[in-house]
Amino acid sequence: MSNPELGYEQARDQLVEVVRELEAGGKSLEESLALWEKGERLAKICEHHLEGARERIETALASVEEGADDSE
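Here the structure is a predicted model, which means the values were calculated and not measured. (Residues numbered from 1 in each chain as written. Predicted model: local features only at pLDDT ≥ 70, side-chain atom pairs only at ≥ 80, totals over all residues. Heavy atoms only, no water.)

### Examining the nonpolar core
Then step 1. In this structure, L6, A11, V18, L35, L42, I45 and C46 together form the largest nonpolar core, which totals seven residues.
Then step 2. At four residues, the largest contribution of residues to this core is made by helix α2 (residues 29–71). (Core = buried A, V, L, I, M, F, W, Y, C linked by side-chain atoms within 4.5 Å. Buried < 20%, exposed > 50% of the residue type's maximum accessible area, 1.4 Å probe, protein only. Helix = DSSP H or I, 4+ residues; strand = E, 2+ residues; numbered from the N terminus.)

Below is the structure:
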């Protein structure tokens, strides 16, 4: 199963592989469901990393804007 400690790139690469396997077909219903669930977990890990990056960017932008306001 996927590890929540995975980095964004690792989780994304594993998610791409899950999608490839699902698109290839030939899996039993149980195997397909297990892959789907793994994909959902990996997508959540990616989403978590992206949200963290978004927050860091917003904080950095707010800091830059505050600096610009102070210099006027």
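### Points about a negative patch on the surface
Then step 1. Residues E30, E31, E37 and E40 make up a contiguous surface patch of negative charge.
Then step 2. Its location among the elements puts E31 in helix α2. (Patch = residues over 30% accessible without salt bridge, like charges linked within 9 Å, V, L, I, M, F, W, Y side chains within 5 Å. Areas by Shrake-Rupley, 256 points an atom, 1.4 Å probe, with all protein chains shown as cover. Salt bridge = Lys/Arg side-chain N within 4 Å of Asp/Glu carboxyl O. Lys, Arg positive; Asp, Glu negative; His and termini not counted. Charge placed at Lys NZ, Arg CZ, Asp CG, Glu CD.)

### Let's talk about the pattern of salt bridges
Then step 1. For the structure shown, the criterion picks out four salt bridges.
Then step 2. K27 is paired through a salt bridge with E21; the nearest N and O atoms lie 3.8 Å apart.
Then step 3. Its relative accessible area of 35% is what places K27 among the partly exposed residues.
Then step 4. Under the relative-accessibility criterion, E21 is labelled partly exposed at 27%.
Then step 5. A salt bridge links R54 to E51; its shortest N-O distance comes to 2.4 Å. With R54 and E51 both in helix α2 and three residues apart, the pair spans about one turn of that helix.
Then step 6. On the basis of relative accessible area, R54 is assigned to the partly exposed category, the value being 42%.

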